[in-house]
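Coordinate inspection notes
The primary structure of each chain is shown beneath.
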Amino acid sequence: MISPPLLYALIMLAAPLAMVVTFSFWSQNYLDLDTTITLKNYKEAWSKPIYRVLILRSLNISIMVTLVTVLLAFPMAYFLSFRVKRNKALWLFLITIPFWTSYLLRVFLWKVILGYNGVLNSALMGLGIIDEPMTFILYNLNAVVITLAHAWAPFAILPIFVSLERIDRSLLEAAEDLGDGPFRRFFRVTLPLAMPGVIASTLIVMIPTVGDFITPKLVGGTDGLMISNMIQIQFGKANNAPLGAALAIASMVIVGSVSLVIFIAGRWFRGRAQ
Amino acid sequence: MTQNPIIDIKNVHKSFGKVEALKGVNLRIEEGEFFSLLGPSGCGKTTLLRMIAGFEEPTSGAVIIGGEPMMGIPANKRPTNMVFQSYAIFPHLSVSDNVGYGLAKKKMSRSEIAEEVNNALAMVDLVGYGDRSAHELSGGQRQRVALARALVMKPRVVLLDEPLSALDKKLREQMQIELRELQQSVGITFILVTHDQEEALIMSDRIAVLFEGEIAQVATPQTLYQQPVNERVASFIGVMNFLQAQATESADGGLGLEIPALGDVAIAKAARPEDLPAASIDRIGVRPEMLTILFDESDHAECESEGVVVGASYYGDMTYYSVQLPETEELTTVSMRNTAGRSIVASGTKVRIGWGADSIVLFS
Ligand SMILES: Nc1ncnc2c1ncn2[C@@H]1O[C@H](COP(=O)(O)OP(=O)(O)O)[C@@H](O)[C@H]1O
Ligand SMILES: [Mg+2]
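What comes next is a walk through the structure. Computed from a predicted model, the values in this text were never measured in an experiment.

1. Let's talk about the overall build of chain B
The secondary structure content of chain B amounts to eight helices and 21 strands. The dimensions of chain B, computed from C-alpha atoms along their principal axes, are 75 × 50 × 35 Å. The burial tally for chain B puts 49% of its 364 residues in the buried class. Put simply, 66% of the contacts in chain B that link residues at least 6 apart link residues at least 24 apart. Summing over all exposed atoms, chain B offers an accessible surface of approximately 17100 Å²; the carbon and sulfur share of this is 49%. Computed over 33 positive and 47 negative side-chain charges, the inter-centroid distance for chain B is 10 Å.

2. Observations regarding the site of ligand 1
Residues and elements named next belong to chain B. The immediate surroundings of ligand 1 are formed by Phe 16, Val 19, Ala 21, Pro 40, Ser 41, Gly 42, Cys 43, Gly 44, Lys 45, Thr 46 and Thr 47. Cys 43 places a polar main-chain atom, nitrogen or oxygen, 3.2 Å from an oxygen atom of ligand 1. Contact distances for ligand 1 include 2.5 Å between an oxygen atom and a side-chain N or O atom of Thr 46. A total of 560 Å² of accessible area belongs to ligand 1 in isolation, and the protein chains cover 58% of it. For the shell around ligand 1, the elements supplying multiple residues, two or more each, are strand 2 (19-29) and helix 1 (45-53). For the shell around ligand 1, the element with the most residues is helix 1, which contributes three residues. Within the shell around ligand 1, the residues separate by chemical class into five nonpolar, five polar and one charged.

3. A short note on the packing of aromatic side chains
Applying the stated criterion across every chain yields a total of 17 aromatic pairs over all chains. Plain terms: the ring middles of Phe 25 of chain A and Tyr 42 of chain A are 5.4 Å apart, the flat faces sit at 45 degrees to each other, and that makes the pair tilted. With Phe 25 of chain A in the loop between helix 1 (4-24) and strand 1 (27-29) and Tyr 42 of chain A in helix 2 (residues 40-47), this residue pair connects regions lying 17 residues apart in the sequence. Judged by centre distance (5.6 Å) and plane angle (40 degrees), the rings of Phe 34 of chain B and Phe 190 of chain B are tilted. Within this pair, whereas Phe 34 of chain B is found in strand 3 (residues 34-38), its partner Phe 190 of chain B is found in strand 8 (residues 189-194), the two being separated by 156 residues in sequence.

4. So, the environment of Ile 191 of chain B
Residues and elements named next belong to chain B. For Ile 191, the position within the fold is in strand 8. Of the residues examined, Ile 191 reaches a relative accessible area of 0% and is grouped as buried. For the pair Ile 191 and Met 82, spaced 109 residues apart in the sequence, the C-alpha separation amounts to 9.5 Å.

5. Notes on the packing of helix 2 of chain A against helix 3 (residues 49-83) of chain A
Helix packing geometry: the angle between the two helix axes and the distance between the axes. Residue and element names in this part refer to chain A. Following both chains from N to C, one finds helix 2 and helix 3 inclined at 70 degrees, their axes separated by 5 Å at the closest point. One element, helix 2, and the other, helix 3, form an angle in the roughly perpendicular class. Of the residues in helix 3, those touching helix 2 at Glu 44, Ala 45, Trp 46 and Ser 47 are Pro 49, Tyr 51 and Arg 52. Partitioning the contact of helix 2 with helix 3 into residue classes produces four nonpolar, one polar and two charged.

6. Considering unusual backbone geometry
Residues and elements named next belong to chain B. Of note in this structure, Glu 162 is not a glycine but carries a positive phi near 40 degrees. In this fold, Glu 162 is placed in the loop between strand 7 (157-161) and helix 5 (169-186). Residue classification places Glu 162 among the buried positions, given a relative accessible area of 9%. At Glu 327, a position not held by glycine, the phi torsion is positive, near 60 degrees. Locating Glu 327 in the fold gives a position in the loop between strand 18 (318-324) and strand 19 (332-337).

7. Considering the sheet that holds strand 13 (residues 255-259) of chain B
Residues and elements named next belong to chain B. On the basis of which strands lie adjacent, the open sheet formed by three strands has the order 12-13-14 and antiparallel pairing. Among the strands making up the open sheet, the edge pair consists of strand 12 (246-249) and strand 14 (263-267). In this sheet, neighbouring strand axes are inclined to one another by 20 degrees on average, regardless of whether the strands run parallel or antiparallel. Pairing analysis gives four bridges linking strand 12 to strand 13, with the strands arranged antiparallel. Considered in strand 13, the bridge of Thr 248 is made with Gly 256.

8. A short note on the pattern of salt bridges
Scanning the entire structure with this criterion turns up 23 salt bridges over all chains. With its nearest N and O atoms 3.3 Å apart, the salt bridge here joins Asp 180 of chain A to Arg 184 of chain A. Here Arg 184 of chain A falls in the partly exposed class, since its relative accessible area comes to 31%. A salt bridge links Glu 116 of chain B to Lys 154 of chain B; the nearest nitrogen and oxygen atoms lie 2.8 Å apart. You can see Glu 116 of chain B sitting in helix 3 (residues 110-123) and its partner Lys 154 of chain B sitting in the loop between helix 4 (139-151) and strand 7, a full 38 residues away along the chain. Look at Lys 154 of chain B and you get exposed, because its relative accessible area is 58%.

9. Quick notes on the side chain of Asn 98 of chain B
Residues and elements named next belong to chain B. Tracing the backbone through its elements, the reader meets Asn 98 in helix 2 (residues 95-99). Asn 98 gets classed as buried once you look at its relative accessible area, which sits at 0%. Asn 98 has contacts with Ile 89, Phe 90, Leu 93, Val 145 and Arg 149, leaving out every residue within four places of it along the chain.

Conventions adopted
Residues numbered from 1 in each chain as written. Chains lettered and ligands numbered in written order. Predicted model: local features only at pLDDT ≥ 70, side-chain atom pairs only at ≥ 80, totals over all residues. Heavy atoms only, no water. Helix = DSSP H or I, 4+ residues; strand = E, 2+ residues; numbered from the N terminus. Buried < 20%, exposed > 50% of the residue type's maximum accessible area, 1.4 Å probe, protein only. Contact = heavy atoms within 4.5 Å. Areas by Shrake-Rupley, 256 points an atom, 1.4 Å probe, with all protein chains shown as cover. Lys, Arg positive; Asp, Glu negative; His and termini not counted. Charge placed at Lys NZ, Arg CZ, Asp CG, Glu CD. Near = heavy atom within 4 Å. Polar contact = N/O pair within 3.5 Å; in protein donor to acceptor, adjacent residues only side chain to side chain. Nonpolar A, V, L, I, M, F, W, Y, C, P; charged D, E, K, R; others polar. Phe/Tyr/Trp six-rings, centres within 6.5 Å; stacked < 30°, edge-to-face > 60°. Axes fitted to C-alpha atoms, helices over the stretch in contact; angles between N-to-C directions. Parallel < 35°, antiparallel > 145°, perpendicular 65-115°, else oblique. Pairing = 2+ DSSP bridges. Salt bridge = Lys/Arg side-chain N within 4 Å of Asp/Glu carboxyl O.

Below, the structure is given as structure tokens:
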């Protein structure tokens, strides 16, 4: 018997995935699909530099975004968990406020802030700190990183916050009692015990970022284009769905492997924090 | 008492906002003592212990350890180690790494640390458990790991916050004896926080009884039991019957007591607490085991009176009788050891009660 949740998972997840996998082994003959099984798409994805560049750049961007996001999220979560004594719920609520506006709106706001004649440049020029507008902050990698780090912040804060909340405070006192100052105690007890949250945050931010195509398109310029933009092009304008599917599967496998490595490394760190 | 106690607490006050947790505590604890802080929940025991450990600072007053004022010195720099109520075993570390946690900072080689850890594990009967992780341990074993982790640091004082309260009765009783023996063999000062008077009596050299942030009495278990300073301490430690009484000064400096429920008795000068005017006495205390039911015609005691048995609780080795004494409304508890050939007295039976001047506890 198939239970409803399983059925749901099959229809919503497994079926589309199976379709993409199947597609990636077919090929496109101008207007019609050739359904003979072939590795041609994967060979093309592997050999053409453009795809490798895009995949590496996507990984690169998502790792940077993840690093920036998690490094900023940790102190926020730490503050919330350890310093805020009352009204924690209110603080959590405040953190989610950016979600009240649509993602697109937030991206456009960043454009307004970071643009050539944007808020940041005008302000800095008005204050006489810079003479001419900075151009390295929009339509490139930096803009993608800033925009995404901001967008993901609440997603990264919450898992870390939860894992910090779950740390029995007497463990911290025990570490101090046994001779640790605040610094050693942080690296020997707090961080290892917060690791599940840190790993969760890392994966939550990194995995969707690799696949993002809206942000790079809107604020990334040509330097900021990512693999998903190419996949979108293959499925759309280039009309080569099989190649797009192969690219999608390839990037999925790569992201999966990287996630696995991060997961295992986190486990290892937790166990070794002596 | 020596001139230099290991712990000297001077007029310590502690307030948490409006709550006054400690109201002027003075306490001296000697090196090598097994000292207990005993009192009902919320009386400030944990606060006082945490203050010695360095997790709380006094609002006013001083904590002096080994002659050094501890003002501003954090917990990681104090010569004390704590066994937490929850044990606080690090869940991400093995038993060995837990026990060796504090040694990592000392300048010791890996093999020296391993040896110290093994010695400490042997001390608490956990040889061979080093590689287990925390969640593979029972409550009693966790308690031992917490103890080994403190002892391995060779602190001058070990602080224990209700370390046995999470264990079941049998294990708790066993650990009380083991803990006491361990303390005597290592010779380190132990300060135990407990709300269990029996536990404090069994384990301690001396006990401080706290009520609402104030010390009511500091004494050895025997003194505390036999000469509680007031009715509150008396009823907190063991069972105590309270009876109406009137006293008159007698010529030899002692007291003449009139106890309506029991009769009259003379208290010698030596047995009378100092500066206790006869006029201030209106109630006296009697422990259940200090009253005897005189079963046989031939049994006699220093003083005798009569009562009626109203009920009996059988405890196996002991039977606790509720006896209605004359001229008093409350029932009086009398405990009798069960010996061969003696059956439990039925309710409604009139009995003779034997007692003496030594049975009486006077409160100042
Ligand atoms: N961190 C704290 N904040 C506020 N009140 C506290 C704090 N710690 C203890 N108290 C209060 O101080 C009193 C004594 O507490 P505690 O020392 O834990 O008692 P005990 O250990 O004897 O049960 C209690 O009324 C308790 O509510
Ligand atoms: Mg307590």
